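Fold and contact review
Here is how the chains run, residue by residue.
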Amino acid sequence: MKSCLVVDDSKVIRKVARHILEGLDFTVSEAGDGQEALDACRSKMPDVILLDWNMPVMSGMDFLRALRTTDAAPRPKVVFCTTENGVAHIRAAIDAGADEYVMKPFDRETLASKLQIVGVA
């Protein structure tokens, strides 16, 4: 079974994502900010990370940059999940090492499609 770490400061978003991901046969863990997510990855690296952009303590971009400097093998897929939809934001996320990008609000079909694109569904 594939594993997914949902990183978002919103409990509601984490709950919705967990429901969708468990329906897609993922084992789901959660983090409320980038630092919590980094700590979780150090103890057990997930197959994929669903990552929010704007969070307290450590933003999604700061987390992604820190994650991509680790020697994680295999390297987890990262799907940014955010309300930031400008081309500059998308390009910055991809340049920082994100594998895909999904807009909030998202539904099961959209998330499943993005997970298939990155090769984990």
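For clarity, every value in this text was computed on a predicted model and none was experimentally measured.

**Some words on the pattern of salt bridges**
Should the charged atoms of two oppositely charged side chains come close, the side chains can pair. This model, assessed by the stated rule, comprises nine salt bridges. A salt bridge links R42 to D39; the shortest N-O distance between them is 3.4 Å. Placement of both R42 and D39 in helix α2 (residues 34–43) is noted, with a separation of three residues, approximately one turn of the helix. The exposure class of R42 is exposed, given its relative accessible area of 59%. For D39, a relative accessible area of 41% corresponds to the partly exposed category. Across the salt bridge formed by E100 and K114, the nearest N and O atoms sit 3.2 Å from each other. Taken together, the residues span a long stretch of sequence, with E100 in strand β5 (residues 100–103) and K114 in helix α5 (residues 108–117) at a distance of 14 residues. The same class applies to E100 as to K114, namely buried. Within the structure, one salt-bridge network assembled from shared partners comprises R14, R18, E22 and E30.

**Some words on the side chain of D8**
Within the secondary structure layout, D8 lies in the loop between β1 (2–7) and α1 (11–23). Among the polar contacts listed, one links the side chain of D8 to the backbone nitrogen of S10, at a separation of 2.8 Å. A polar side-chain atom of D8 sits 2.8 Å from a polar atom in the side chain of K104. Once residues within four sequence positions are removed from consideration, D8 is found in contact with I13, R14, A31, G32, D52, M55 and K104.

**Points about the UniProt feature "modified residue: 4-aspartylphosphate" (unreviewed entry) in the protein chain**
When the UniProt feature table is mapped onto this chain numbering, "modified residue: 4-aspartylphosphate" (unreviewed entry) sits at D52. Structurally, D52 can be placed in the loop between β3 (48–51) and α3 (60–68). Not counting residues within four places of it along the chain, the set of residues in contact with D52 comprises V7, D8, D9, G60, F80, C81, T82 and K104.

**Concerning the packing of α1 against α5**
Relative to each other, α1 and α5 sit at 65°, their axes nearing to 10 Å. Handedness of the crossing formed by α1 with α5: right-handed. On α5, the residues touching I20, L21 and G23 of α1 are R108, L111 and L115. Residue classes in the contact of α1 with α5 are distributed as four nonpolar, one polar and one charged.

Thresholds, definitions, all that
- Residues numbered from 1 in each chain as written.
- Predicted model: local features only at pLDDT ≥ 70, side-chain atom pairs only at ≥ 80, totals over all residues.
- Heavy atoms only, no water.
- Salt bridge = Lys/Arg side-chain N within 4 Å of Asp/Glu carboxyl O.
- Helix = DSSP H or I, 4+ residues; strand = E, 2+ residues; numbered from the N terminus.
- Buried < 20%, exposed > 50% of the residue type's maximum accessible area, 1.4 Å probe, protein only.
- Polar contact = N/O pair within 3.5 Å; in protein donor to acceptor, adjacent residues only side chain to side chain.
- Contact = heavy atoms within 4.5 Å.
- UniProt positions renumbered as here; feature names shortened; annotations may be inferred.
- Axes fitted to C-alpha atoms, helices over the stretch in contact; angles between N-to-C directions.
- Left-handed = near helix turned anticlockwise from the far one by under 90°.
- Nonpolar A, V, L, I, M, F, W, Y, C, P; charged D, E, K, R; others polar.

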